[in-house]
Every structure is written in structure tokens, then in C-alpha cells.
Amino acid sequence: MLILTLIKVSLKSLWANKMRSFLATLGIIIGVGAVIAMLALGEGAKRQITQKVSSLGSNLMILRPGQKGSRGVQSSTYDNLKLEDAEAILHKVPEVLQLSPVIRGSAQVKYLNQNTRVPITGAAVTYFSIRNFALQHGRPFTDAETREQARLAVIGSQTADDLFKGRSPLGKVIKVNGLNFKIIGLLKVKGDEGWYNPDNQLIIPYTTAMKQLFGLDYLGGIDLQIKKGVDPEEVKKKITAVMRHQHRIPADMPLDFTLQSQAEVLETLNSITLALTLLLGGIASISLLVGGIGIMNIMLVTVTERTREIGIRKALGARNRDILRQFLFESTLISLIGGGIGVALGIGICYLIDSIFSFSTLIQPTYVAIAFSFSAAVGTFFGFYPALRAARQDPIEALRYE
Amino acid sequence: MQDDGENARFGMKDHFQLRFKAWRGFCVGVTGSIEQQGAFIMLVVEEVTKRYRMGDQEILALNRVSLTVDRAEMVAIVGASGSGKSTLMHILGCLDRPDSGRYVLNGRDVSRLLGDELARIRNREIGFVFQTFNLLPRMSALENVELPLLYAGHPAAKIEAAKALEQVGLASRMYHEPNQLSGGQRQRVAIARALVTNPSIILADEPTGNLDSKSSEEIMAVFQRLNREDGRTIIIVTHEQEIAAKCQRQIRIRDGQILS
Ligand SMILES: Nc1ncnc2c1ncn2[C@@H]1O[C@H](COP(=O)(O)OP(=O)(O)OP(=O)(O)O)[C@@H](O)[C@H]1O
Ligand SMILES: [Mg+2]
């Protein structure tokens, strides 16, 4: 039979039982909608995490002093991380592209009558490229200026707004804990990262931070950028070996520092989101399956109800496969229509989530295609048994059916 | 008196048939098959038996029935209710298979064919008309008539269907759905559907059973015209003597056996 006739006949019989057809598709609609929304939620979360983590810098590794007395109630960090350690790593581990000592603290910052407490980062010039900090205006400090302990600062966009109220901060002199610092650069907006706000800080040479501002002889950490394409695990091993040597820690003693690669962080976070996505998607697929059972139920009713029609068609020369095809087509059509509405519903849910929770879901066209074709497959699969029952009716008995 | 005359005529016919059978038997002996003797013969039923089982009770619906129908014949099958007329028609229409015996339609033994082959024969060689019309609801007369052609994969189903409707005088009702037609009109649509594939034989099981006498006459007129003008073979099951009288031959059946 012609496919066009088949479509017409199926649509007609679906239309004749509008309410029932709608109820039959409801499960599929909800299932497909839920699957698409859940996957979009997961993909959105993944994209957000990836963006945040890679905005920290690519191929980043972070070395921090370890916690003292891990079992104690009070725990402070070790203060034995030195500049020499950073130099040793740079010289002995060729996979390290560049690194920067990092000092973290905060200070009272004044400009005219504005007075606020601002997080301070002491770092080398390499810090900007390691951490992906781009400058809106001005320049970072140089190596020479770092050696001279120059009192120069690059200012975060939010801090600049707070202090200068929209006027250009470049060239202005501010007081940091009473010392004069000249602002030579303005950072581009990066966006809040949750655990710290990169737009609210002053970045100054680490030498100045150690010697003049905080009076420290140890580092708050070392940020490293490793070369592209090298195995982070290998590099970690090498750095650990160098550090053991530097701090004279025997192989069987615990380390006094932590070393984390950005790839690891990303991997962990991504595997968490993936697990969540799969869980949510899995739950949603169950509703798709339930939708399939709904279709099977309705198709069984339809087949029984149309027994006489089946008898007539057979008497006119329909073969078993013609009848099978007709009902299979009908159930597939039901679920295709349901799938279509479900896709719309899923996209609608995503818009709703985006606007209510200010979260950005990511609808992958491939997932939509998969959910859609899966719904069609569900219709075909669950429609098969009813269609087979229809096809196997004995013509005489079917004609006699009241 | 009139009855006698009819009997006499049928007697003659029977005599002729017996001789014909003998001649055919001879030919079977020579050629090895009656399938090749199909020039005059539409169908041959030989010793067909059909049983129905209801629990542990067995009903012999057809008991060793034999009959022959020639081409272009118009035959009536008459008999009491429950005598097995419909059962026989279902077998003739390839809707059912006999438990034993042979059924040769159009020179081909179809009594042992299976599902799809039977469907093909129903589609191409047989037009069935039911007492209850059996049109599909929510489909126009034209679409109903088209249906057998669609299953046959006919390229111009619409045109042929329209022609068939014209033949039964329903050209003006093509786009009406069954519930917008009178009983007589519905049955004419059913007849159009039966003849649209140009089948060898039209089988009608009490086609006027649900109609008033005027519509019945119209329907019979259609059948007679199809038989006389187009030379179609027609078998009609009926209760009514007037209907049976319009056929060339009557086959009487009682308790699953053919009387004459
Ligand atoms: N599916 C069936 N199961 C059991 N018995 C059946 C079945 N179909 C027919 N019979 C029996 O076979 C016999 C012949 O039935 P059939 O329908 O052929 O009669 P009929 O001559 O067509 O009667 P009517 O004139 O009332 O239509 C009846 O006794 C009937 O009860
Ligand atoms: Mg009957």
C-alpha cells in the first residue's frame, strides 16, 4: 500500500480518537521532554564548569603548602615553601613552561576619600599568562621592576570601579597599607568564579608583597603552567621528587605540600556532572519507557476495537504484513508526534530553567535527534505486539466480531 | 406447475453436468489434471468437509460437498438457517479453508494455500459482498472502493474506483461516507468494491438481507446486468425465493449437504 495512503489512514484514525491518542502520546511527550531537559541541564553544567576551570588558565598546576597536623583541631599551613623551591622546579623539570610564586593576603586600600579592604596577590609577571589574565588597559609589571621591588599594581575591574567610580585608574597613585602604589594596568572583567572573585584584587610584584607589604620570607604557593601535550601525572611525579629533595622528605614520609593539576580538577568535576546527567537522563528515559507501555496499551485497545475493520481489509486482500504495517505505522506515528511535542516541551523547559534560575542549559542537537528517534523506536517496539495480534487475526473470526 | 417446470430445467442441467463431469474425468485421466480444463469451468468443489468444534461437541457444517460452477453462470445457494451456506461461501471466497476435500478456482487448487497466497486470490480473483455491507466507516465511497486496488498496488486506483461506482449508478455519491448513504446505496458501494479488481467471480452472502424490497430489486438488477452484459460469474446466497428465481440455477443445501 502506498505510504501516503498509510499516513492518511493513520492520521484519520488518530484524529477520530483525539483524546485517546493524546493520552497515549502523553507518556512519550513527558519522557522526551524530560530527557531533553535533563541532558541540556547536564550539558549546561558541564560547559559552565569547563569554562570556569579553563578561564583559570590552561595546563595549570597549583602547588600549595600542606596542612600542619592534619589530625589536630587547629590546622595551619606550612611556612617552608621558598623561592628556591620555585627556582629548583623551573630548572629541574623541563616540562614546566613557566611558573609564578604567589603571595595572597589583603590590605587596606585608599584613594582620596575611598577606603576599602582589597585582596592582594603578589606574583611574577608570568602569573598573567598562567592564569589567563588579560589587560583592558595599561601593562603588567616587568621582570626588572619585580627585581627592584617596584611599588606598581594591576587592578581588578571591580576594585577599580569601587575606588575610581568609572574614571580611568591608570597612572593613579593609591595607598596600600599606607604605602604608595602606582596603578599601571586594568584587568579585563573575568566574572565571579564562586570561590574567589578575580575582578576584585590588586596584583603586585611578589617581591614587593613579601618584603614591603607583608614582611614574609615564604610563599603562599606556586602556580605553574606545564607544556602542552605532556602527561600531567608524569610532571606531578617529577615536581614531587624535586620538592622531596628540596624539603628533605624521605620517600616514606608524607608530603608537606599539595599539588593539583587543572586537568584533574576538570576531570573530577566533569565526571561528577556526567554521573548526574546520566542519572537524571536515566530517570527521564524510564518515563519514555512507561510512555511506550502506554502506547502498547492504547494500540491493543485499538486493535480489538477495529477487529471488524481488520476482517474487512483481509477479505479485500490485505496480507498479514499489510495489516502489520498499518498498525505499526500508526503506533510509530503516535510516538513521533509525541516525540515532536516532547522536543518542544523539552526546549520550553530549558528556557524556563534559564530564565528562572539564571542558569544556561545547553541543548545539543544530537541529543534532541537521539531522544526523538528513540521515541519513534519506542513506538515501533511497543506497537509491534499489538500490530502482530492484528495481523494474525483470522479473517472469518474478525468479520464475525461485533 | 411452475415449480415442476423449474425442476425439469434443473434436471436437464444436472444431467448435462453429470455428463460434463464424466468428460472432465476422462480428461483428467488423459492430462493428469483438471486444472487444464478451465475453459468453461469457474470453480470445482470436491468432497469438501468443514467441522466446527464447540467444546466436545462437533458440528459438521459442510459434509462432503461437491459442486461445479461454470463461467458466466449466476447461481443461487438456498437453504435453511444454519444449513452451512455461509460456511460454503467463506470457503469459496478463500476466507476459510476446508478440513478436507478440494477446491479448484479458476483452474488452480486453492484448498491448501496459505495466508498470503489466499490474500492474493481474495484480492485478485474474488469479489465478496456481505449482508451487512462491511464498508469502512469514516472513509468515502470512493476510498472504500479504492481499497482492494491499493492492496493490489494498482497505479490508478482512484480512476478505476470511480468507474466502478459509475457502473453501480453512484457516480454522484463518490465522496459520501457510508453513514451518509441509504442501505441500498451502501450495498451498491460494496458491489462496486467487489467488482473493481475485475475478479473472476462475485460472491454475495445474503446481499439483500438487510434491504427493503425496492432496494433488493435494484441490487438484483445490478447483479443481473453484471452477469448478462459483462458475463461475470455470480454466486448469491439468499433466503428469498424471488431472488433465487432470478438466478439461472439454484443449489439447495441442508445440514451441510447439497440436495440439488
Ligand atoms: N465459528 C463457528 N463455530 C462454531 N460453529 C459454527 C461456526 N460458524 C458456523 N458454525 C455452525 O455451522 C453451521 C453452519 O453455519 P452457517 O453460518 O454456514 O449457516 P448459514 O446457512 O449461513 O445460516 P444463515 O442462513 O443463518 O446465515 C451452523 O450450525 C453454525 O452454528
Ligand atoms: Mg449465513
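Each chain carries its own residue numbering, running from 1 in the written order of its sequence. Naming scheme: in the order in which they are written, chains are lettered from A and ligands are numbered from 1. In keeping with the model being predicted, local features are shown solely for residues with a pLDDT of at least 70 and side-chain atom pairs are shown and tallied solely at 80 or more, while totals for entire chains, interfaces and linings include all residues. To get the side-chain values, take all heavy atoms of the structure and skip hydrogens and water.

Engineer: I tried to follow the domain arrangement of chain A on my own but got confused; where do I start?
Structural biologist: A common way to report how large an interface is uses the accessible area buried once the components associate. Entries for chain A in the domain assignment read domain 1 (2-52 + 268-400) and domain 2 (79-255). By convention here, the domain bounds are inherited from an automatic or database domain assignment. Inter-centroid distance (C-alpha atoms) of domain 1 of chain A to domain 2 of chain A is 56 Å.

Engineer: I'm lost on the nonpolar core in this one. Help?
Structural biologist: The tendency in soluble globular proteins is for nonpolar side chains to be buried side by side. Remark: nonpolar core denotes a set of buried residues (Ala, Val, Leu, Ile, Met, Phe, Trp, Tyr, Cys) joined through side-chain atoms within 4.5 Å. Whether a residue is buried, partly exposed or exposed follows from its accessible area with a 1.4 Å probe, protein chains only, as a fraction of its type maximum: under 20%, in between, or over 50%, in that order. Counting 111 residues, the largest nonpolar core has L43(B), L165(B), F223(B) and I235(B) as the members making the most contacts within it. Formed by 42 residues, the second largest nonpolar core is a distinct cluster that contains A88(A), I120(A), A160(A) and F181(A).

Engineer: Got a minute to help me understand the environment of G156(A) in this structure?
Structural biologist: All names here are of chain A. Put simply, DSSP marks the helices as runs of H or I at least four residues long and the strands as runs of E at least two long, and each gets a number from the N terminus on. Here G156 shows up in the loop between β5 (152-155) and α6 (157-164). The class for G156 is buried, based on a relative accessible area of 0%. When the C-alpha atoms of G156 and Q201 are compared, they prove to be 5.2 Å apart, with 45 residues separating the residues in sequence. We call two residues in contact when some of their heavy atoms are within 4.5 Å. Residues within four places of G156 in sequence aside, it is in contact with L186, L187, D199 and Q201.

Engineer: What's the story with the environment of M42(B) in this structure? I'm lost.
Structural biologist: Residues and elements named next belong to chain B. Mapping M42 onto the fold places it in strand β1 (residues 41-54). Overall, the relative accessible area of 1% leaves M42 in the buried class. When neighbours within four sequence positions are excluded, M42 is seen to be in contact with V69, D70, R71, V104, L105, N106, S200, I201 and T233.

Engineer: Could you clarify how one ought to interpret the sheet that holds strand β6 (residues 126-129) of chain B in this entry?
Structural biologist: Strands pair in a sheet through their backbones, by hydrogen bonds, and they do so in one of two ways: parallel or antiparallel. Residue and element names in this part refer to chain B. Pairing between two strands is assigned when DSSP locates at least 2 bridges connecting them. Overall, mixed pairing links the 6 strands, which are arranged β6-β7-β8-β3-β9-β10 in an open sheet. Among the strands making up the open sheet, the edge pair consists of β6 and β10 (257-258). Relative to strand β8 (residues 233-237), strand β7 (residues 201-205) is paired through 5 bridges, and the arrangement is parallel. Residue pairing for β8: I202 is matched across the bridge by I234.

Engineer: Would you explain the interface of chain B and chain A in this entry?
Structural biologist: In this assembly, 21 residues from chain B lie in contact with 23 residues from chain A. Here the quantity called buried area is the total loss of accessible area, with a 1.4 Å probe, experienced by two parts when brought into contact, counted for both. Carbon and sulfur atoms supply 59% of the area that chain B and chain A bury against each other, a total of about 2100 Å² over both sides. For this analysis, a salt bridge means a side-chain nitrogen from Lys or Arg found within 4 Å of a carboxyl oxygen belonging to Asp or Glu. Taken together, chain B and chain A are joined by 2 salt bridges. The closest approach of N and O atoms between K12(A) and E143(B), which form a salt bridge, is 3.3 Å. Here a polar contact is taken to be a pair of N or O atoms separated by no more than 3.5 Å, where protein atoms must pair a possible hydrogen donor with a possible acceptor and residues adjacent in sequence count only if both atoms sit in side chains. If you look at where chain B meets chain A, you find 8 residue pairs in polar contact (both at pLDDT 80 or more). Those elements giving two or more residues to the side of chain B that touches chain A turn out to be α3 (115-125) and α4 (141-152) of chain B. With 5 residues, the top contributor of residues to the side of chain B that touches chain A is α4(B).

Engineer: What is the right way to look at the site of ligand 1 in this model?
Structural biologist: It suffices for a single heavy atom of a residue to lie within 4 Å of a molecule or strand for the residue to be listed as near it. Neighbouring residues of ligand 1: 15 residues in total, closest S81(B), G82(B), K85(B), S86(B) and T87(B). The environment around ligand 1 is built from residues contributed by chains A and B. With respect to ligand 1, the backbone of G82(B) contributes an N or O atom lying 2.8 Å from an oxygen atom. Within the contact set of ligand 1, an oxygen atom lies 3.0 Å away from a backbone nitrogen or oxygen of G84(B). Note on areas: Shrake-Rupley with a 1.4 Å probe; residue coverage comes only from the protein chains shown. For ligand 1, whose accessible area on its own is 630 Å², the fraction buried by protein is 71%. For the shell around ligand 1, the secondary structure elements donating two or more residues are β1, β2 (57-70) and α2 (85-92) of chain B. By residue class, the composition of the shell around ligand 1 is 5 nonpolar, 7 polar and 3 charged. Only Asp, Glu, Lys and Arg are considered charged, only Ala, Val, Leu, Ile, Met, Phe, Trp, Tyr, Cys and Pro nonpolar, and every remaining residue, Gly among them, polar.

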